[in-house]
Every structure is written in structure tokens, then in C-alpha cells.
Amino acid sequence: MEMLALVRNNRVIDVLRMTGMMALAFIAVGLLLLSFGKNPIEAYGEIFKGSLGSTYGLSEVVVKMIPLMLCAVATAIPARMGLLNVGAEGQLHIGAMWATWGALTLGEWPKEILLPTLVLLGFLGGAVFAFIPAFFRVKAGVNETICTLLLNYVAILIVEHMVHGSWKDPMSFNWPFTREFSDAARLAFYGNTRIHTGLWFALGAIVLFYLALKRTRWGYELRIIGDNAEAARRAGIPINRYIILTLCIGGGLAGLAGMAEVCAIQGRLRPGISTGFGYTGFLVSWLALHNPLKIILMAFLLGVLSLGGDMIQISLELPYAIVNILMALIFFIVLGRLAAGRKEY
Amino acid sequence: MIGIIESILTGAVRSGTPILYGTLGEILTERAGIVNLGVEGSMVTGACVAFITTAETQDPVLGVIMGALAGGLASLIHAFMVVTLRANQIASGLALMFLCLGVTSFIGRPYVGVRITGIQTLTIPGLSDIPFLGRIMFEHDVLVYLAYLSAPLMWWFLFRTRWGLYIRAVGENKLVAFAMGVRVQVLQYSVIGIGGVFSGLGGAHLSLAYTQSWVEAMTAGRGFVAVALTIFATWHPLRGVLGAVFLAQPLLSASRFRPRGSMCPPTIFICCHMC
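Source: prediction; values computed, not measured.

Next up on the list: the overall build of chain A. Assigned secondary structure in chain A consists of 13 helices and 0 strands. Along chain A, helices (α) and strands (β) appear in the sequence α-α-α-α-α-α-α-α-α-α-α-α-α when read from the amino end. In terms of overall dimensions, chain A is globule-like: its C-alpha atoms have a radius of gyration of 21 Å, near the 20 Å expected for 345 residues. Seen through its C-alpha atoms, chain A measures out along the principal axes to roughly 70 × 60 × 35 Å. Among the 345 residues that make up chain A, the fraction classed as buried is 54%. Partitioning the contacts of chain A with sequence separation of at least 6, the portion at a separation of at least 24 is 75%. Looking at chain A as shown, the accessible area adds up to about 15600 Å², and 65% of this sits on carbon and sulfur atoms. Considering chain A, the positive charge centre built from 27 side chains and the negative charge centre built from 20 side chains are found 9 Å apart.

Dropping the structure here:
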């Protein structure tokens, strides 16, 4: 009993310490705002009032959470075996692009067939794009972090090439976006909000990831590789197969986020479909320590911050960068906290 | 024809300079066993601070100094994270990048579109009269010359001095280095700091000489190209020079063919070469 109480106490202290350190991040950014003659209390008030103060704000937070959760799982699955996938942003773009191809060329298909096809295309697009770094990692030991990161630039440029080129809507007065998708290719919205059926992809991915991790041999072996790759190799676990599998599934989920963005929110492909969802999703995954259920919580937190960032741009004319600084500081704090608990290198 | 090749190579030397600075800094850091993915962050900080200083004081020399110092300071955050707290090196580097991109985009916002007199081209008399090579190598600004002098200096420092030996020893085996009497943590801190100074210099060259302007996130992945180049150069400063010029070439031609600086060709190039 005593032991148990001790553990519980430690956990309480842990949570308190964590909250205190996150408050530090807020204070640091507040000081930065003050030194530039801005009122931090007003800014924070606006961030939380705008996102949590109304049903509209809350629904928009959920809209942000959908791609964040998918990109977070895309980071978390490979991260469980020690791989860093920073390429969710690019995989999201390619997924969106493949789904767009489907929506533009198969637009006359009935909705019941078309939508599953688009989901599949979005997933495949992201998975194929994630296969590139996975392949190089397996065949040549190329560092997957740098490779996925640099491929983000490639993906965004490919998308820009398509929307500036052959996919450009002839009626767009030369704006770079595609034709609007037919109704059959659109995901449904709930009520008056912009929350769309993509929410179920995200929640489904999280639940499946959780179950796979806890209840299957696949998840067990994944965790072994993450804990000790050398032991896993000697135990005969096919590490290379897992590298390709986890990166491709992760990429596919990020691609699904891209498909949901173009088929629900935007209704067409355009540059800037993602406001850094891939990178923010990466942070979500790390803040949640790659734990599937915590991902929902952290996606909510960062969803609030990122929506608040949009709000203060409009109402207080403060740059979105403030929210980025805040997120980065929180990231640093989590990393430091994580490492402080470790004994050895 | 010769004229075209000449101008292409001249551009390659110029646009390769920020990447070369980043690479040299990263080679030094990685030789001491620290991977710093925050090069991108240090570089963008250097570019921003150098530009702001120059815009306020009209003094590009002060700008370069401040930019280099800012790059070094930024990378010390990474040093604190990975040396003192022993955090994950890759994740900490990425966090540094996010932080620096955010901070510079905030403090640099009033300076977007501001015009400055940056670093002027300094033609070296005599040497620039060499046919072909003269124009390619000796009609640049001071930071370019400094970069190409730094590479052999770095080689000499790493492979011919006691301190270089210590750094490599720490990178190979920290415990042995510690037993040898090297103060491992102090050394790693200084090496990360100096690496950041190099990245800051690269950023300063970018904003004060190459574009002579400031836009947020203007490094556009050059820091990561530098990290990739470090691997490509197999952690050797002199091979880094070669790589910087070769890699910068597709980067430059890409920015000529496309209105926005494209990172596509160098990425493919890196992927091919890492195999």
C-alpha cells in the first residue's frame, strides 16, 4: 500500500511539475509579447475565448484536430520503433493530390463507390510517398529524419506544379486551384459545423493503433524494436519489414488527412491546404509521448492553440508565429522532462 | 558557352556559401558526437539578426558579427538540452528549428521589404585576372572567401591539433575521452556553440549578401541540406566544399527556372548520393 501511495504521489507531483513548466512557456512568450509592446493577457484571453468560448469555436477546434490526430498517429507509429517521420506534411500533400486525381477523373461515379475509392487513393498516395524514405532507409541506411523532412519540400512543390499546371481550373481567372469537386466526392458535414466524417478516420486510426499496440503480436514486436533494436534483431524480428510497414502506414494516415482536407474543407486542391498540420501533428505525437489515447488530448490542446493563433491574427493583428513559439517551447519542456527521467543515455 | 559555364559556376560558389557554413559547423559538432538538426534554426536566426542589425545601424560588419553570435546562442539551447539534460538529439534539434522559425518570424516582421546596403563584392586584384577561374572564385564578397578559408582551417584544426584530437575522441568514445582527461561536457558545449556561429554566418551571408532582404523562413531548408551534406562529405571539411558547390548548383538553377526557390533537385541529388 505504501508503495502504491508513493507512486500515486509521485504522479501527482509529476503532473503539477509538468503544468508548472508549461506555464513557464506561456510566461516566456508573454514576456516576449510585453517587450514588443503587446498585451499578453489580452492575447491569451483572445486565444482561449476564441476557441473555447463558443460552440462555433469548439467545433472549429475539432475540425483542426482531425488532421492533427491523423498526422500525430503518422508520427507515432514509426516513433514507437524509434523512427522519426517528420514527413507527415509532405505525405498529407501527396495524399490530397491522389485523392484530387480521383475526384477530378472519376467524378461521375456514384457516391457509394467514389468516396471509398478516394479514401483508398488518399491512403495510397501518402503510403507511396512514405515508401521512398523507408526504401532508402532499408536499402542504404539513409537517415529517415532528414529524408522525410526534405521530401516535404518536394511534395509541396509537386502539388504546386499540378495546380499551376494541368489541373488548374479554366474558370479560376488564373488562380492556382483545381475545379471544385462534384458533390459525390465530398465528405459530409455534421449540422451547421465544419466537422466532417473524416473525424471517424482519425478516431478509428487512434483506436486501431491502440489495440494493435496493446493486443497484437505486431504491436508487441514493434515495442521490442523500439526498446532494443539489437535484441529484436537477434530474436529474429524482421526489422526491415517493420520499417517499411510502419512508415508506409503512417504515411497513408497522413495522406488520409490530406484527402479529408480536400474532400471536406476545401472541396478542391490548392496550395496551402495544410497550415503546417504535419509539423503540428509531429509535436502532438511527441507531447503525447506517442501514446494513442494521449494523442487525442494533446491534439485538443494544440488545436486550441492553433485556432487561437488564427483568431489573434484577425482580432489583435498579432502574427501566428506567437503560437509557433509557444508550441516549440512546450516541446522543449516535454523533451527536457522526458530526458530528466532517464538514467542512462 | 564558356561564358554560361562561368556564370553558372560563379553562382554555384555564391549560393553554396550559406550551405558550406552550415556544413562546416555541423561537421565540427558531429565530430564531437552531437547531431544538431537545429542548423536550420541557427541559420535563420543568424540571417534575421544580421539583417535587423544592418538595417538599424547601416553597418554590415556589425550585422555579420551579431548574426554569428545569435546563431551560436540559439544553438546553445540545443547544447543545454542534449548535453546537460541528455534529451533526444534529433527531437531537440527539430524543436530548436521550430522555435527559431517562430521567433524570427515574430521579431523580423517589421523588416520584411526593408532595403539595406549589404555586403559588397570585393574583387581580389591579381587573382581575379586568372582566366576562367578568376571570375568564378575571386569576384565575391568577404564571407565567401572566409567560408573557403574556413574549410582547410577546419581540416587542420580537426586533424592536426590537440583540440581536434580531443573533439574526435569525444565523438568516438566519450568515456575514453573522459578517462584521458578531456572535460567532455565543456567541450561539447563549445563545439555546439561554434557550430551555431558557423550556421549564423551562413545565415548572415544569405540575408546580407545573397538576397539582401529578409523574409520569414528564408533559409527554406538549407540547414537540412547542410546536415545531409555533412553525411555526404563523410564528416570531412574539404569534401564538404566540393559537395556544397555541387549541391548548390541544382539549387541555383532551380531558383532560376522557378520563381520560388525550389528544393526539389538537391533533395533528389542527396538521396542518390547517400545510397
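On we go from here.
Moving on: the interface of chain A and chain B. Across the contact, 41 residues belong to chain A and 41 residues belong to chain B. Note on chain A versus chain B: buried area summed over both sides is about 3500 Å², and carbon and sulfur give 79% of it. Linking chain A with chain B are 0 residue pairs in polar contact (both at pLDDT 80 or more), by the criterion used here. Listed by contribution, the elements that provide at least two residues to the side of chain A that touches chain B are α1 (2–35), α5 (111–140), α6 (144–164), α11 (277–287) and α13 (321–340) of chain A. Among the elements that line the side of chain A that touches chain B, the one with the most residues is α13(A), at 12 residues.

Our focus in this paragraph is the environment of B:Phe198. Residue and element names in this part refer to chain B. By the element assignment, Phe198 lies in helix α9 (residues 184–210). On a C-alpha basis, the gap between Phe198 and Leu28 in space is 9.8 Å, while along the polypeptide they are 170 residues apart. Filtering out sequence-adjacent residues up to four positions away, Phe198 remains in contact with Tyr21, Leu24, Gly25, Ser150 and Met154.

Residue and element names in this part refer to chain A. Counting across every chain of the model gives 12 aromatic pairs over all chains. Plain terms: the ring middles of Trp218 and Tyr242 are 6.4 Å apart, the flat faces sit at 35° to each other, and that makes the pair tilted. Remark: Tyr242 occurs in helix α10 (residues 239–266) and Trp218 occurs in helix α8 (residues 217–227); sequence separation between them is 24 residues. Here Trp218 falls in the partly exposed class, since its relative accessible area comes to 22%. Taking relative accessible area as the criterion, Tyr242 reaches 6% and is therefore assigned buried. These aromatic residues form a ring-pair network of at least three members: Phe26, Tyr44 and Phe48.

The next thing to look at is a nonpolar patch on the surface. Residues and elements named next belong to chain B. Where nonpolar side chains cluster on the molecular surface, the patch consists of Met1, Ile2, Ile4, Ile5, Leu127, Ile130, Phe132, Leu133 and Met137 and spans about 840 Å² of accessible area. Breaking the nonpolar patch down by element, the ones donating at least two residues are α1 (2–31) and α5 (133–138). Per element, the largest residue contribution to the nonpolar patch is 3 residues, and it comes from α1. One can find Ile130 in the loop between β1 (122–123) and α5. Classification of Ile130 by relative accessible area gives partly exposed; the value is 37%.

About the thresholds
Residues numbered from 1 in each chain as written. Chains lettered and ligands numbered in written order. Predicted model: local features only at pLDDT ≥ 70, side-chain atom pairs only at ≥ 80, totals over all residues. Heavy atoms only, no water. Helix = DSSP H or I, 4+ residues; strand = E, 2+ residues; numbered from the N terminus. Rg over C-alpha atoms; globule rule 2.2 N^0.38 Å. Buried < 20%, exposed > 50% of the residue type's maximum accessible area, 1.4 Å probe, protein only. Contact = heavy atoms within 4.5 Å. Areas by Shrake-Rupley, 256 points an atom, 1.4 Å probe, with all protein chains shown as cover. Lys, Arg positive; Asp, Glu negative; His and termini not counted. Charge placed at Lys NZ, Arg CZ, Asp CG, Glu CD. Buried area = accessible area lost by both parts, 1.4 Å probe. Polar contact = N/O pair within 3.5 Å; in protein donor to acceptor, adjacent residues only side chain to side chain. Phe/Tyr/Trp six-rings, centres within 6.5 Å; stacked < 30°, edge-to-face > 60°. Patch = residues over 30% accessible without salt bridge, like charges linked within 9 Å, V, L, I, M, F, W, Y side chains within 5 Å. Salt bridge = Lys/Arg side-chain N within 4 Å of Asp/Glu carboxyl O.

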